[in-house]
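Architecture at a glance
The primary structure of each chain is shown beneath.
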Amino acid sequence: MVNCRCGLLTLKQEPVPLKSVEVEVEVRDHVATVVSTLNYENQEDNPLEAVFVFPLPGDAAVCHFSAKIGQTEIVAEVKEKQKAREEYDDALSSGQQAFLLEESEQSPDIFSLSVGCLPPKESASIRLEYVTELAVQADDGLRFCLPAVLNPRYQPQGSGDQGGSNIQMTSIPASKVPYSLSFCARVSSPRPVVKIESNCSLDPLQYLNTEQTQATTKLAAGHKFDRDVEVLIYYKDAHQPTAVVEAGEASAKPGTLMGDPAVMLSLYPEFPQSVMSSVASCGEFVCLLDRSGSMGVQLNNSENHQSRIGSARDTLLLLLKSLPLGCYFNIYSFGSSYEHIFPKSVEYSQKTMEEALKKVGEMEANLAGTEILRPLQHIYSQPCIQNQPRQLFVFTDGEVGNTKEVIDLVKKNSHLHRCFSFGIGEGASSALINGLAKEGGGHAQFITGTDRMQPKVMQSLRYALQPAVIDVSVSWDLPKDMSVSVLSPPITALFQGQRSLVYAQLSGQIPEAAEGSVTVKYTLAGQPSQNQFNFSLRPAEDSGLTVHRLAARALIRSLEMENRESKDQQDESVKKKVVELSVQSGVSSAFTAFVAVNKGDGEAIQGPLVQRNVPTAKMLFAVTQSLQIAYNSFSAAAPKGGRSFFLKGMFSTKSRKKRSVERSQVSTTKKSEKSGVAYTEQCLSFDSDMCESTGLRQRDPLLQLVSLQKASGCWDLAPDLAAAVGKTSEEVEKQKPASVSQEVWATILSLIWLHGFKMDSKDEWELLAMKAVSWLRAQNVSCVEECVDAGNALLGCKVQKDVLGL
């Protein structure tokens, strides 16, 4: 039995059949329907089986799969996974054309597409459709991401195949990807579309009506597909709650999910400003930082040549300086092993902060692999501190193979903490990052393109410092003779300005012009509160079955997790429910697959069947020498097919028993096949912030100033502070009012500099500035106005005292 692992092809080219990818996106409010067309061409002299592995958003609901060969179109059906595989194998054994689409059993955001028995010199067009929710960003933009990069996922030792996944992956540098991409998007909403932004070049936005509620755009010519295509959509009045009611499928049985109407509610609870303006002064803040080799890669082509680990170090500096006195904290880091700065969380003080910052400054991307499960288990084994709610911050580039196992652990411990997750760089698993936050009751952020990590992390810290919302409940008020079945998991976390989605199935006759209402009740800062939202029950026109499919996906995911949590890992009753719902709704699941077989009367295709893995784009490391150190090639020979080259990676592949297929035989150079160690376990010990070490990157003045702040919130009057604000020690000393202490003067001067020169980075320093203001108020300074005037004169600013909060 062949046990191949995914990895990186060398620059030697194998013939690959994927010629082009066409993507059409239709966004309706905050839901996207994505249609991808993959055009294949077999340029070889033998019939071909092409295997194409690609990422999708972790919460996507794949709902259509069809293939067209010549003038013949076949539409795939959803079937139980093993039955689908057997049908596919049988078809290939008899020389029929067949197609198989299945989800990875380790991570729900990875799919493999097998194009079977494509005749010599023949073309095929594959159409794939999925629907997905769009996540809300900190600046209220809705984020759509078309992943281009499928980084090799680290598979921890001992995790094994776990179910015989047939998924393989090969990756090559983006510049060598032999297929093209076209991409267009159409956006419509009840509210005007303010703007659409992207990390890639887009053609100018075209409005389709005078109200500007419909617009279209597309990728500019020449896109290389060398990065994720990220699109941010901004609406006017984005925080308004909305509801979409969708009629059931006419051919489906009433009483079933697909036969009854379904509703999707988008809720934005508004909390009293008096409560939200306060910041918690307690909590246990635990940071978990990825130090695997891939964290040494340059951060998203950043102009300052900073690595991911370098940006993470700067971010931890800001985070530590922004923590409130009286809280507790600890910092873990992980790779193939894990470390922690303190044996257990310690009280936040000047001493513990300085000790932590010293250790953070020494952190490099030198811990090899990406085994996140073990440090999480250790964190959860630590007893919680009374009256100090635990807040977990996870920083990773998300390249792990045991995604479902990690998310299950977070959910199991969700009653003990909130989890805030950060996906760093291209290729971070959306299933892992979103899953950690969703099951941990926190918030997910992605740092891609030219994004800075710091403002996104500080946004999540502000959420963590908000008063906890508890006892959340949702109640419905519907017309007589109507009932509702909620399909979404219960809401466990609410944050100011953040959206909560609720899916439900409606039963009974909907009266004309009828309305319903939903009331969200919760306890905030010890006080019971509620928000009510009224909505029309009239079904939307031309919405297709988008809401039903997303609702089915939500229910399927809940059932899959229930199955994994079961003591009996093969809970057949839950699995049966998932399969029935997946087949009924036409939505993919972990237990089903799409299969299409061309059962025409044509003759069986003759000749040996050759398998080809279609490469996906893989980011290059910033330094070629690091690549040569980091990767050890695995070579294999295939009869009649030349040679293939692989690196070890994530998904194992089991040869199919019913057909004779030429497959590449993998021979390892250093690690045994049993080890399961991925490429990141190879020696990635190069300097994780190369440009810093060679002096090419100067210290950010903002971070220089922040690094000087004490845990209490004040600053000392020192030469380093004077240099940070662009003055000499003599100038700073000379301008100081005689009646104030050096600490008060230094602190007011720092606040003026932040407000005068760094307002564009306010999201990054706002919390530590609030701590500084609290310290100043506690000093009962009598000559604040004189200090502010002196500081403005020295720095050349015009910052008012009330702007500083004094």
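These numbers were taken from a predicted model, which means no experiment stands behind them.

As a further point, take unusual backbone geometry. We note that Asn 387 has phi near 65 degrees; this positive angle belongs to a residue other than glycine. Tracing the chain through its elements places Asn 387 in the loop between helix 5 (373–381) and strand 25 (390–396). Residue classification places Asn 387 among the exposed positions, given a relative accessible area of 61%. Positive phi, normally seen in glycine, also occurs at Asp 471, with a value near 55 degrees. By the secondary structure assignment, Asp 471 is in strand 28 (residues 469–477). Look at Asp 471 and you get exposed, because its relative accessible area is 56%.

Here the focus is the side chain of Lys 758. You can see Lys 758 is positioned in the loop between helix 16 (742–757) and helix 17 (762–778). As a buried residue without a salt bridge, Lys 758 has its nearest oppositely charged side chain in Asp 700, at a separation of 4.4 Å.

With that settled, the discussion passes to the pattern of salt bridges. Scanning the entire structure with this criterion turns up 23 salt bridges. Residue Glu 103 pairs with Arg 557 through a salt bridge whose shortest N-O separation is 3.4 Å. Linking Glu 103 in strand 8 (residues 98–103) with Arg 557 in helix 9 (residues 546–565), this pair joins segments that are 454 residues apart in sequence. In this structure, Asp 763 engages Arg 462 in a salt bridge whose closest nitrogen and oxygen atoms are separated by 3.8 Å. With a gap of 301 residues between them, Asp 763 in helix 17 and Arg 462 in helix 8 (residues 453–465) connect regions that are remote in the sequence. For Asp 763, a relative accessible area of 42% gives the class partly exposed. Taken together, the salt bridges that share partners define one network made up of Glu 103, Lys 404, Arg 553, Arg 557 and Glu 560.

Let us look at the nonpolar core. Counting residues in each nonpolar core, the largest one holds 79 residues, and the members touching the most others are Phe 285, Leu 323, Ile 331, Phe 393, Phe 395 and Leu 461. Looking at this core, the element that brings in the most residues is helix 16, giving nine residues. What Leu 323 contacts, discounting residues up to four positions off in sequence, is Phe 285, Phe 329, Tyr 348, Leu 461 and Lys 771. Counting 51 residues, the second-largest nonpolar core is a separate cluster that includes Val 27, Ala 50, Val 62 and Leu 128.

Residue pairs three or four apart in sequence face the same way in an α-helix, which turns once every 3.6 residues. End to end, helix 4 (residues 350–361) covers 16 Å across 12 residues, agreeing with the expected 16 Å (1.5 Å per residue, within 8%). Those residues of helix 4 that sit buried are Thr 352, Met 353, Ala 356 and Val 360. The arc that holds the buried residues of helix 4, viewed along the axis, is 100 degrees, so those residues lie on one side. Those residues of helix 4 that are exposed and angled more than 90 degrees off the buried face are Lys 351 and Lys 358. Its buried side turned inward, helix 4 meets helix 3 (308–322), strand 22 (328–334) and strand 24 (346–347).

How each quantity is defined
- Residues numbered from 1 in each chain as written.
- Predicted model: local features only at pLDDT ≥ 70, side-chain atom pairs only at ≥ 80, totals over all residues.
- Heavy atoms only, no water.
- Helix = DSSP H or I, 4+ residues; strand = E, 2+ residues; numbered from the N terminus.
- Buried < 20%, exposed > 50% of the residue type's maximum accessible area, 1.4 Å probe, protein only.
- Lys, Arg positive; Asp, Glu negative; His and termini not counted.
- Salt bridge = Lys/Arg side-chain N within 4 Å of Asp/Glu carboxyl O.
- Core = buried A, V, L, I, M, F, W, Y, C linked by side-chain atoms within 4.5 Å.
- Contact = heavy atoms within 4.5 Å.
- Expected span 1.5 Å × (residues − 1).
- Arc of directions from axis to C-beta.

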